[in-house]
Amino acid sequence: MALRTPCKKQFLSQSTLQSSATRSRADSVAGFTLTELLITIAIIAVLAALAFPVFRGMARKGKTATAVSNVRQIGVLTEQYQADSGGTLPNDLFTNRSDTWIKVLWELAYPNQEGPDFTPDGAGQVMKGTIFHTPLQEKVSPNGGPSRCFAWNGHLRYHFGHPRPVATRVTHTTRTILLSDTTNSSRITVDNNQINYRNDGKAIFLFVDGRVELLKPEQVPLVRDNVFWGGDDLGTD
């Protein structure tokens, strides 16, 4: 019996240590004060506030990338149209005319799908889900009225033939535009204020050679005879 006594003392000692550790953990949890909790919440809120603009910017960049991809596809369709039409370009008007740019390119892009209403009243969101749409399209145009996505260069027929411009007459294919972001018109010109810089201060432009570029307002020439619009003026103004 005398030999069992140390074992009993050892057992009691371990039990005492376990109870002490349990109380220590409980005291630690109980020691998480309201002040500490509020500080933690405040830190999380600050981090979330800092991260939100970053995520929002990433989302907008993703939408711009989608729009750029769509415009590139429009460029490919335009080249196909030229090959099928003897080298002419589509008309710039957004109407139910058989040769308007949006209608002829729609027929190439979706040959088995009936097109939407191509009149101005049907411009709104009818292009959603197609290559003729930008995810950054506004619900209401910045200029008022129905919002549109892209518009054709209205000066092409002035420089290269009316009503359908002849593509082979375009002498500066790498510098002359076909299409850009728009506010609420089917055509863009030097003076109609329809270019829409909706991509964080930039507009998407499609050039005759199929190149796509994002440009700021100061990069867009304001002279109709500039090569940017189809003229022969090589200046920058």
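Here we summarise the structure given alongside this text.

Reading guide: rules and limits
Residues numbered from 1 in each chain as written. Predicted model: local features only at pLDDT ≥ 70, side-chain atom pairs only at ≥ 80, totals over all residues. Heavy atoms only, no water. Helix = DSSP H or I, 4+ residues; strand = E, 2+ residues; numbered from the N terminus. Buried < 20%, exposed > 50% of the residue type's maximum accessible area, 1.4 Å probe, protein only. Contact = heavy atoms within 4.5 Å. Phe/Tyr/Trp six-rings, centres within 6.5 Å; stacked < 30°, edge-to-face > 60°. Lys NZ or Arg CZ within 6 Å of the ring centre and 35° of its normal. Pairing = 2+ DSSP bridges.

Relative to the assigned elements, I74 resides in helix α2 (residues 34–84). For I74, a relative accessible area of 0% corresponds to the buried category. Those residues in contact with I74 that lie beyond four places of it in its chain are L105, I131, F132, F150, L179 and L206.

Below, the discussion takes up the packing of aromatic side chains. Considering all chains together, one arrives at seven aromatic pairs under this definition. Centre to centre, the rings of W106 and F132 are 5.9 Å apart; their planes meet at 25°, and the pair counts as stacked. In this pair, W106 sits in helix α3 (residues 101–109) while F132 sits in the loop between α3 and β1 (150–153), placing the two residues 26 residues apart along the sequence. For the pair W106 and F132, a shared accessibility class is recorded, and that class is buried. Aromatic side chains F205 and F228 sit 5.4 Å apart centroid to centroid with 70° between the ring planes, which places their arrangement in the edge-to-face category. One end of the pair, F205, is in strand β4 (residues 203–207); the other, F228, is in the segment after β5 (212–215), and 23 residues separate them in sequence. Assessed through its relative accessible area of 0%, F205 is described here as buried. With a relative accessible area of 5%, F228 lands in the buried category. In this structure, R211 is placed above the aromatic ring of F207, and the distance from its NZ or CZ to the ring centre is 4.0 Å.

With that settled, consider the pairing of β4. Of all the five residues making up β4, five are buried; the element is thus mostly covered by neighbouring parts of the structure. In terms of strand pairing, strand β2 (residues 177–181) meets β4 through three bridges, oriented antiparallel. Within the sheet, the bridge partner assigned to L179 lies in β4 and is L206. Across four bridges, β4 lies against β5 in antiparallel orientation. Bridge assignment links A203 to a residue of β5, and that residue is L215. The hairpin formed by β4 and β5 contains four residues between the paired strands, and G210 there has a positive phi angle of roughly 95°.

The values reported here are purely geometric and, on their own, carry no functional implication.
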